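Here is what each chain is made of, one letter per residue.
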Amino acid sequence: MISATLLSRLPQDLQRLVQGVSNRSIADFRQLCKRLPGCSTSELCILQPVLYMHLDPDRIPPQSTPAANTDIVLARWSLVGIIATLGYHDGSADSAGSEQQYLLSAWNRVAPWLVFFHDQFIMCRAKYRPVDRLRAINLVASILFHVLVVDRDPGENTALDAGTLTLYRPIAELWLLALETKEENLVYMSLQSGGHITSFRLSSSILAAECTYNELFVTILLEVSGGVGTVTSAALKYVKSIRSMAKDLDTVSTALKLDLIVSMFSSCVAFIARTSIYNAAMREAYILRQSVKEIFSTLRALQPLPFGRGRMVQALASSFPYFIFILQHADDPVSALHQALRAHALETVVHIGPLEPPEVEADIHEIPSFLKILYHHLVHDKILTYACKHVDAWSDAPGSMRDKILAHGWPIIEQTIRSYAMFRSEEMIRQLSPGGNGWVLQCYCSGTAEDIKLMQCAGCQVVRYCSKRCQRDSWYSRHRLSCKFLKAAVGSSTPHYVKRSLRLLAALEDSQMQNRWDNIRKLVVAAQCEYPEDRERLVVEVPVGEGKVLVRPFRHYLFLFDGLSENEVVDRLSSWPDPRGHLRRSFFCSVITINDRYLSRQILFSPRTALDMETVSANAQL
């Protein structure tokens, strides 16, 4: 309670109201809260204990009932008073931040009442509700937002960090509820320049993102929501809602609101990124729901708004690490890159990024990093197809965009796209896939993809047949030799993409072998001396793109052949007629390496040899 000395410093009307509040007068407490905005900073400092005196956790009832009405309403006006004083700083050493100090020191009294208000009035778990839902949202979300976000210094522990984890469930439920609440402007955001009412959805997204630093919050969120599907769907709804805000003239009318949009975007991306790190199922669910596409589409929607350049760079900086993480860890990184390209990520990154590369090498510099990613994934048919459709537009881009991509090595990438397209145009595989998404090996009977539903070989998952009879005939004529080798040629990581790129990969293998033939012969001779016991079973490892050619014994590559022994592989290759003489060289066979996930490589059996085992002998029989 306030001492008599301090109380005497207040005006008479405030002294009377303080006395009434001490006597549990709801009317006097209401009047006191109305007077707070007109009080000086020194008066607010004196009044702080009054605002917390009726927040005794021992007076929280198990359930909201008429008998507990006085305690509940007094607690309500206590929270109203606390919110009304937040953010009033005059800069003096003895009073600046006194409201925040009181709030944190009395957090063990405030937090239980926030949980009670949330449970009983926001989630409507009480039949008797003297506080309506929107008012309860305003009270709970405003105080949480202030403690977690507004007055939090970077690296400083908050009351929540200190162990009040009971608020994780309310924050998780508020995050889900904000998407369903039509009334948007509910949360009081206190700032040193004054108070502002901000969006419930915006504040909830930032609150949730702050809590994702703790894996326990993610666990509680999954429990509250009912599973991964609900969380991922809600997170992407938040991202989509930012695009709607960007089109709203009222939202983008002030610098403060623009800054808040960027903060909300960064928080949404941070939420998606951190929950992806904690939960692999959630990571894959995000990708399945087009998270990369939604993020870059939203970033593109923000691009025309009148931000300062630094704010757009901040928005890009929050998005790109998530994109890199997905490429490194996703089960299907090719799909993630394709999502980004379809959302015009390259154009957006180039528009926002700086013209010149950094003088010192950085961990992530967006423009060269994105171009490098694109370059290393061009071997995948899905990426190459998109790049071929847009290479002219990228090369003829106007103004600064062209200057930026030229500064970061675009001519080499453009040349690679065009040469890969030329390699792919060579007729090697008989039939376009039914969906038009690349090329597949098809049986050589008279059926066509248009009038027959093709069935895929369960072994290699490359060749398709029109009937069981056709499959049986193919098996005895050639496929029993080629099946294991086709499977080794598409690999186990992303076979559905590699199999549609076999034609391109075979052409690239031919090109690399031809361009590096003199070096390969020297390396084979050196390897024969280094491995005399394996001189008849040496394998040439050829990188598609950059990298060194290696020559090593076949036993280093036996893992490609799904349980076959070394002698079994040798016997099967030896029994193949080899009409093009692949096996009549100074080495046993070749393999290639391609980029699988970002900064990692995948080894595949020679696509040229595998395709010829299936197709050349068949053509010879036609």
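Here, the structure is the one placed above.
Everything numeric in this text was worked out from a predicted model, so none of it was measured.

> Can you walk me through the sheet that holds strand β8 (residues 550-553) in this structure?
What links the strands of a sheet is backbone hydrogen bonding, and the strands pair in either a parallel or an antiparallel sense. Ordered in space as β8-β7-β9-β10, the four strands form an open sheet in which the pairing is mixed. Pairing within the sheet leaves two strands with one partner each, and these edge strands are β8 and β10 (601-605). Direction aside, neighbouring strands of the sheet carry axes that sit 30° apart on average. One ladder, built from four bridges, connects strand β7 (residues 538-543) with β8; its direction is antiparallel.

> So what exactly am I meant to see when it comes to the pairing of β7 here?
The two faces of a sheet get side chains in turn, since along a regular strand they alternate between them. With six of its six residues buried, β7 lies for the most part within the structure. Neither face of β7 is exposed, since Leu538, Val540 and Val542 on one face and Val539, Glu541 and Pro543 on the opposite face are all buried. Where β7 folds back onto β8 in an antiparallel hairpin, the turn is made up of six residues, including Gly545, whose phi is positive at roughly 105°. In this structure, β7 lies alongside strand β9 (residues 589-595), joined through five bridges in parallel fashion. Following the sheet pairing, Val542 is matched in β9 by Ile592.

> Just to check I follow, could you spell out empty space enclosed by the protein for this structure?
Unoccupied space between atoms shows up once a probe the size of one water molecule is rolled over them. Counted according to the given criterion, the structure contains two cavities of 30 Å³ or more. Of the voids in this model, the largest cavity is the one considered here, and its volume is about 60 Å³. Every residue lining the largest cavity is listed: Tyr375, His376, Val379, Tyr420, Val544, Gly545, Glu546, Asn595 and Arg601. Partitioning the lining of the largest cavity into residue classes produces four nonpolar, three polar and two charged. Elements supplying a minimum of two residues to the lining of the second largest cavity: α12 (228-247) and α13 (255-278). Its residues assigned to classes, the lining of the second largest cavity shows five nonpolar, one polar and no charged.

> Please clarify how helix α25 (residues 502-515) should be interpreted in this entry.
Here α25 contains 14 residues, and its C-alpha end-to-end distance of 20 Å stays within 8% of the 20 Å for a straight helix at 1.5 Å per residue. The element α25 is extensively covered by neighbouring structure, given that eleven of its 14 residues are classed as buried. When we look at burial in α25, the residues that qualify are Leu502, Arg503, Leu504, Leu505, Ala506, Ala507, Leu508, Glu509, Ser511, Gln512 and Met513.

> Please clarify how the packing of helix α23 (residues 468-490) against helix α27 (residues 566-574) should be interpreted in this entry.
Packed helix pairs are characterised by how far apart their axes lie and by the angle those axes make with each other. For the pair α23 and α27, interaxial distance at closest approach is 10 Å and the crossing angle is 130°. The angle between the axes of α23 and α27 places the two elements in the oblique class. The element α23 and its partner α27 pack so that their crossing is left-handed. Here α23 contributes Arg480, Leu481, Lys484 and Phe485 to the contact with α27, which in turn contributes Val569, Arg572 and Leu573. Of the residues belonging to the contact of α23 with α27, the class tally is four nonpolar, no polar and three charged.

Calculation notes
- Residues numbered from 1 in each chain as written.
- Predicted model: local features only at pLDDT ≥ 70, side-chain atom pairs only at ≥ 80, totals over all residues.
- Heavy atoms only, no water.
- Pairing = 2+ DSSP bridges.
- Helix = DSSP H or I, 4+ residues; strand = E, 2+ residues; numbered from the N terminus.
- Axes fitted to C-alpha atoms, helices over the stretch in contact; angles between N-to-C directions.
- Buried < 20%, exposed > 50% of the residue type's maximum accessible area, 1.4 Å probe, protein only.
- 1 Å grid on protein atoms, 1.4 Å probe; cavity = no way out; pocket = protein on both sides within 12 Å on 5 of 7 lines; lining within 4 Å.
- Points joined across faces, edges and corners; volume = space filled by probe spheres on them.
- Nonpolar A, V, L, I, M, F, W, Y, C, P; charged D, E, K, R; others polar.
- Expected span 1.5 Å × (residues − 1).
- Parallel < 35°, antiparallel > 145°, perpendicular 65-115°, else oblique.
- Left-handed = near helix turned anticlockwise from the far one by under 90°.
- Contact = heavy atoms within 4.5 Å.

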